[in-house]
Amino acid sequence: MVVQVQEGLGRLTGTAPRTRPPGPRVLIATAVPAERDAVASGLSASSGPTGPSSDSEPSGDSGPSGLPGGDPAPVVDLLVAGVGPAAAAAATGRALALAAAADAPYDLVVSAGIGGGFQPGAPVGSLVVADAVTAADLGAETPDGFLPVTDLGFGRVTHLPPPALVSALAAAIGAAAGPVLTVSTVTGSAARADALRARHPGVLAEAMEGFGVAEAAALYGLPVLEVRAVSNPVGPRDRDAWRIGAALAALTGAFGKFTPVIGKHAPVLESWNRHD
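Structural notes, computed from the coordinates. Just so it is clear, the structure is predicted and the values come from calculations on it, not from any experiment.

**Digging into the overall build of the protein chain**
What the protein chain contains, in helices and strands, is eight helices and 12 strands. Across the protein chain, every contact between residues at least 6 apart in sequence was considered, and the portion connecting residues at least 24 apart equals 79%.

**Considerations on the nonpolar core**
Ranked by internal contacts, the top residues of the largest apolar core, which has 33 residues, are Ile28, Val110, Phe255 and Phe258. For Val110, the contacting residues outside a window of four places in its chain are Val26, Leu27, Ile28, Ala29, Val213, Leu225, Val227, Phe255 and Phe258.

**Some points on the environment of Val39**
Residue position: Val39 is located in helix H1 (residues 33-45). Spatially, the C-alpha atom of Val39 lies 7.9 Å from that of Ala112, the residues being 73 residues apart in sequence. Apart from residues lying up to four places away in sequence, Val39 is in contact with Ile28, Thr30, Leu78, Ala112, Leu251 and Phe255.

**A closer look at helix H5 (residues 210-219)**
Counting buried residues in H5 gives seven out of 10 residues, a clear majority hidden from the surface. Along H5, the positions that sit buried rather than exposed are Gly210, Phe211, Gly212, Val213, Ala214, Ala216 and Ala217. In the segment just after H5, Gly221 is the residue with positive phi, at about 65°.

**Some words on the packing of aromatic side chains**
Enumeration according to the criterion identifies one aromatic pair in this entry. Between Phe255 and Phe258, the ring centres sit 5.0 Å apart and the planes meet at 40°, which makes this aromatic pair tilted. Lying over the aromatic face of Tyr106, Arg25 brings its terminal NZ or CZ to 5.0 Å of the ring centre.

**Quick notes on the packing of helix H2 (residues 85-101) against H5**
Between H2 and H5, the shortest axis-to-axis distance is 7 Å and the interhelical angle comes to 30°. With respect to H5, the element H2 is oriented roughly parallel. Seen from above, H2 lies across H5 with right-handed handedness. Residues Pro85, Ala88, Ala89, Thr92, Gly93 and Leu96 of H2 touch H5, and the partners they reach there are Gly212, Val213, Ala216 and Ala217. Among the residues making up the contact of H2 with H5, the classes are represented as seven nonpolar, three polar and no charged.

About the cut-offs
- Residues numbered from 1 in each chain as written.
- Predicted model: local features only at pLDDT ≥ 70, side-chain atom pairs only at ≥ 80, totals over all residues.
- Heavy atoms only, no water.
- Helix = DSSP H or I, 4+ residues; strand = E, 2+ residues; numbered from the N terminus.
- Contact = heavy atoms within 4.5 Å.
- Core = buried A, V, L, I, M, F, W, Y, C linked by side-chain atoms within 4.5 Å.
- Buried < 20%, exposed > 50% of the residue type's maximum accessible area, 1.4 Å probe, protein only.
- Phe/Tyr/Trp six-rings, centres within 6.5 Å; stacked < 30°, edge-to-face > 60°.
- Lys NZ or Arg CZ within 6 Å of the ring centre and 35° of its normal.
- Axes fitted to C-alpha atoms, helices over the stretch in contact; angles between N-to-C directions.
- Parallel < 35°, antiparallel > 145°, perpendicular 65-115°, else oblique.
- Left-handed = near helix turned anticlockwise from the far one by under 90°.
- Nonpolar A, V, L, I, M, F, W, Y, C, P; charged D, E, K, R; others polar.

Bear in mind that shape data such as this cannot, by itself, settle questions of function.
Rendered as structure tokens:
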């Protein structure tokens, strides 16, 4: 199965595997093609399954049945979902619905891409794995400051990825683990950066899609991960300080080590309580 989104229009091509493979099925959602390509390059270099394909008529071959050491090989599909939490939620939700309808549901959903890093915890070029995926600006401004929707008595603003999987992946790829914020407007001032730090102690990074991906995953009772490569410092907007190429290279390196970690920790996904 190949999931593709081009020019904002989602389409699912291919068919469900003839036989359910022994390893977990993973959907990785990126915002833009450059992120997808960086992830795909890493997966293709990783030992394990053949990885995602961009062919319009995939063969349905799920790749090798296991990794060295006997761990089950994950089967990974890639999605270019668009920029922002709404686009990410809509495209991810559609992909999950189509997979479920084809009797090939996913076991894990991953939001992956580049993002801003809060200094000094997440320097440019480093990697972050979210231990909390939080919508930073979902709520209301009041005379006393910002209130998240949870304080207003409805909704939720945070999804928690499986801690064992977060720890294992962070250790394998050399990433810091900590909160990652989802914003609809990229931070461009020191004042806003300071406000976000004060509101979210320990925050490491911000991006624009993680919470949307997590919301879609939650509708299907699926665990979520978020992996970010830091392209710029969070704070005053300075495009000269951005290192997008270095961040994409770091993303490739991270996903070069992804499939063995997921295969080894497949029992974490099998034991996930889909009703939480």
